Every structure is written in structure tokens, then in C-alpha cells.
Amino acid sequence: MLTTRRVDAYHALTVVAPGIAERYRPGHFVSVAVGGPGTPMVTRRALAVHDVKPDYGGTVDFVIAVSGPGTAWLADRRARDTLDLVGPLGRAFPLPRDPVNCVLVGGEYGSATLFGLADVLLRRHCRVDFVLGAASADRVFGALRARRMGETATLTTEDGSLGLRGRVADVLPGVIADVRADVIYACGPMGMLRGVTAVGIEFDIPVQVAVEEAMACGIGVCMTCVLPVIGDDGVTRMVRACAEGPVFRGERVRFDDIGTIPFDALGAPGGGSARNVT
Ligand SMILES: Cc1cc2nc3c(=O)[nH]c(=O)nc-3n(C[C@H](O)[C@H](O)[C@H](O)COP(=O)(O)OP(=O)(O)OC[C@H]3O[C@@H](n4cnc5c(N)ncnc54)[C@H](O)[C@@H]3O)c2cc1C
Ligand code: FES
């Protein structure tokens with residue numbers, strides 16, 4: 001570990017991890033062991049890669065929101081502590097072939113994933129506009145950087161303490177129209193991704209979402225992270241967010257059925273086969 005610092009409501013960690021830095025593509029995550037030797041916290045925690053830099057052979061940045069014992073332990077790490085990381089994991093954001101107009105939408109610390117993506121899109125001569133939101137000003141991550149990197153950066157907070165009062169999905173239609181968006185990339189809480197996807201469907205533009213589904217192994221073995229996703233053949237399958245995701249086409253994710261196995265999903269108890277799906 002190189003440095004830890006406070007960034008508003010979050011903790012930012014920089015770790016020397018050349019192997020991860022080298023193979024990273026935007027949207028990737030890692031799994032990290034927490035609690036140290038002998039800990040009862042047996043499962044690894046998933047963390048999105050925020051940034052990679054060439055310093056010290058390759059460093060990786062993470063942004064942490066403390067939400068329980070594992071993330072609290074991570075937030076307490078200090079320079080020179082060692083972290084046990086596995087990664088990069090998951091499927092990265094697909095990139096457009098042509099220089100198109102991209103709106104990057106981030107909720108809370110989900111924005112952290114979007115800056116590496118913005119870098120790559122800008123290098124491909126895409127236009128990048130940001131819409132970032134959170135409950136309050138101290139939970140909007142990366143506002144300054146978004147202003148620097150994006151053609152525009154629209155900020156929202158639910159309490160009105162920064163930017164416009166409301167949620168990202170409220171302002172998104174206006175941004176899409178203003179910038180003539182071709183594609184939306186989004187990362188944040190599931191409710192936000194559902195709202196952003198609904199706007200994308202309304203405007204008939206593709207939405208790529210990076211979902212945050214509860215995970216245990218992070219490598220496709222335990223099935224903790226499954227969610228219902230509609231495949232190219234129109235059939236819903238329970239797919240693993242860690243292996244087939246975390247990035248999905250938003251309109252393919254059955255947001256309303258997350259946490260359940262829909263009756264028409266392939267292999268669902270009491271039904272669900274490819275034959276009985278029309
Ligand atoms: C792909 C992905 C990327 C993520 N990126 C970040 C990030 O950049 N920064 C950050 O702060 N958090 C991130 N999270 C959420 C983070 O993994 C959880 O907040 C964390 O695992 C909670 O652990 P805990 O011990 O603090 O809390 P607890 O709630 O006590 O966790 C108990 C168990 O549930 C699992 N769990 C609980 N909430 C989540 C959750 N939201 N997602 C996944 N597993 C969960 C934990 O892994 C653990 O096994 C990400 C999650 C995923 C799936
Ligand atoms: S977290 Fe174990 S299969 Fe995805």
C-alpha cells in the first residue's frame with residue numbers, strides 16, 4: 001500500500017500492484033481480502049478500480065465508502081500495510097469504434113469507475129459529458145475532475161447542497177438532448193441504474209451499466225452475485241455479475257426482478273425453460 005487519504009465522505013487508497021495496473025481496462029474490479037490473518041471475515045470484498053498510474057511500476061487507486069466491517073477495515077489501512085488483491089476481474093465497458101457522444105453517469109462512489117473510461121473515450125476522440133449525483137455534496141465523487149475532463153459536468157444532490165436538487169435520472173433527458181448523446185455509461189446504486197436505463201430506453205440510446213450486486217468469491221464459483229439478464233435469444237438467465245458482468249446492457253437487466261428468480265428465467269423452479277418463453 002502506498003497512500004491512504006480522505007476524500008470527502010470516502011477513503012482513497014493507492015496500492016502498488018503492477019500486474020493489475022497492466023491488465024486493467026475501465027469497468028474492471030478486484031477482490032480484496034479483509035480483516036487480516038485469523039479473521040472471521042472469510043469472503044473477499046469487491047472494489048472497482050478507480051485509476052491506474054505507471055508510478056512504481058504500476059499503482060492502482062480505489063475509493064471506499066465504509067458500509068460495514070470489511071470496508072471499515074480497509075479504510076483503517078495505512079501506508080506500508082499489505083493488501084491481498086485478486087484482479088483485474090469482470091468484463092470491462094465495451095468501447096465505441098467511432099468518435100461518438102458519450103454521457104457518463106455516476107452515483108455516489110460509482111463515479112470513481114468512470115474517469116478511466118473517460119480517459120480512453122477521449123483518446124478515441126469521443127465527446128464526454130458527465131452527470132454525477134449523490135444524496136449530499138460530500139458524497140458526490142470526482143466533481144472537479146469531471147469538470148476538467150468533460151465537455152460539461154452536471155451535478156445533482158438529493159438535498160440540494162451541490163448542483164441541482166434531485167437525482168441524475170431527472171436531469172439526464174436534458175443532457176442527452178443538449179449533447180446529442182449516442183451512448184450512456186453508468187455506474188452507481190441499482191435504483192439509479194434502473195432510472196438511467198429507463199431514460200436510455202425512452203431516448204432509444206444504448207446504456208452500459210456496471211452493476212454492484214452482492215458478491216462473495218468474485219471469480220464465478222459461488223453464484224452469490226446472480227441477477228436476471230435477458231440474453232440475445234430473448235431468454236432470461238440468472239447470470240453472474242462477477243464473471244458475465246459487472247457491465248451489462250442496461251435494457252437487458254431485469255431491474256424489477258433483482259433478488260428473485262423470475263418464473264420465466266431459464267431453469268427457474270417450477271418453470272423456466274427456453275421452450276416456454278415466447
Ligand atoms: C463490482 C463491485 C464493485 C464495487 N466497488 C466498490 C468501490 O469501488 N468502493 C466501495 O466502497 N464499495 C464497492 N463495492 C461494494 C463493496 O464491495 C461492499 O460495500 C463491501 O463488500 C461491503 O463489505 P462490508 O464488510 O463493509 O459490509 P457488509 O455489509 O458487512 O458485507 C457483508 C458481506 O456482503 C457482501 N456485500 C455487502 N454489500 C455489498 C455490495 N454492495 N456489493 C458487493 N458485496 C457486498 C460483502 O462482500 C460481504 O461478503 C463494489 C461492489 C461490487 C460488486
Ligand atoms: S461472486 Fe461468486 S460467482 Fe460471482
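Residues numbered from 1 in each chain as written. Chains lettered and ligands numbered in written order. Predicted model: local features only at pLDDT ≥ 70, side-chain atom pairs only at ≥ 80, totals over all residues. Heavy atoms only, no water.

Asker: How would you explain the pairing of strand 3 (residues 29–32) if you had to name every residue and give the values?
Answerer: Residues F29 and S31 of strand 3 are buried on one face, and the alternating residues V30 and V32, pointing to the opposite face, are buried as well. Of the pairings in the sheet, the one linking strand 3 to strand 4 (residues 45–48) comprises 4 bridges and is antiparallel in character. The residue bridging V30 from the neighbouring strand is L47, located in strand 4. Bridge count between strand 3 and strand 7 (residues 85–89): 3 bridges; the pairing is antiparallel. Opposite V32, over in strand 7, you have L85 as the bridge partner. (Buried < 20%, exposed > 50% of the residue type's maximum accessible area, 1.4 Å probe, protein only. Helix = DSSP H or I, 4+ residues; strand = E, 2+ residues; numbered from the N terminus. Pairing = 2+ DSSP bridges.)

Asker: Could you give an account of the side chain of T236, with specific residues and numbers?
Answerer: Looking at the element boundaries, T236 is found in strand 15 (residues 236–240). Take T236: its relative accessible area is 3%, and that puts it in the buried class.

Asker: Talk me through the nonpolar core; I want residue IDs and the actual numbers.
Answerer: Here is a general trend for soluble globular proteins: nonpolar side chains tend to be buried in one another's company. With 32 residues, the main nonpolar core has V105, L172, V196 and V209 as its most contacted residues. For this core, the secondary-structure elements that each account for two or more residues are strand 8 (101–107), helix 5 (168–179), strand 12 (183–187), helix 6 (190–203), strand 13 (207–210) and strand 14 (226–230). A total of 6 residues in this core trace back to one element, the largest contributor, which is helix 5. If near-sequence neighbours (up to four positions away) are discounted, L172 is found in contact with V103, V105, V131, I184, V196 and V199. (Core = buried A, V, L, I, M, F, W, Y, C linked by side-chain atoms within 4.5 Å. Contact = heavy atoms within 4.5 Å.)

Asker: With reference to specific residues and values, describe the pattern of salt bridges.
Answerer: For the structure on display, the rule yields 14 salt bridges. Close ionic contact of R139 with E108 constitutes a salt bridge, the shortest N to O distance being 2.8 Å. On the criterion of sequence distance, the pair formed by R139 in the loop between strand 9 (127–134) and helix 4 (143–149) and E108 in the loop between strand 8 and helix 3 (114–123) is long-range, its members being 31 residues apart. Looking at R139, the relative accessible area reads 27%, which means it is partly exposed. Owing to a relative accessible area of 18%, E108 belongs among the buried residues under this scheme. The closest approach of N and O atoms between R254 and D257, which form a salt bridge, is 3.0 Å. Judged by its relative accessible area of 23%, D257 falls in the partly exposed class. Taken together, the shared-partner salt bridges in this structure form one network comprising R254, D257 and D264. (Salt bridge = Lys/Arg side-chain N within 4 Å of Asp/Glu carboxyl O.)

Asker: So, the UniProt feature "binding site: FAD" (unreviewed entry) in the protein: which residues are in play, and what are the values?
Answerer: When the UniProt feature table is mapped onto this chain numbering, "binding site: FAD" (unreviewed entry) sits at G70 and T71. Inspection of the secondary structure assignment puts G70 in helix 2 (residues 69–75). Once residues within four sequence positions are removed from consideration, G70 is found in contact with V34, M41 and R45. Positionally, T71 belongs in helix 2. Overall, T71 belongs to the buried group, its relative accessible area being 13%. Those residues in contact with T71 that lie beyond four places of it in its chain are I64, A65 and V66. Within the structure, the side chain of T71 is placed 2.8 Å from the backbone nitrogen of S67, a separation counted as a polar contact. (UniProt positions renumbered as here; feature names shortened; annotations may be inferred. Polar contact = N/O pair within 3.5 Å; in protein donor to acceptor, adjacent residues only side chain to side chain.)

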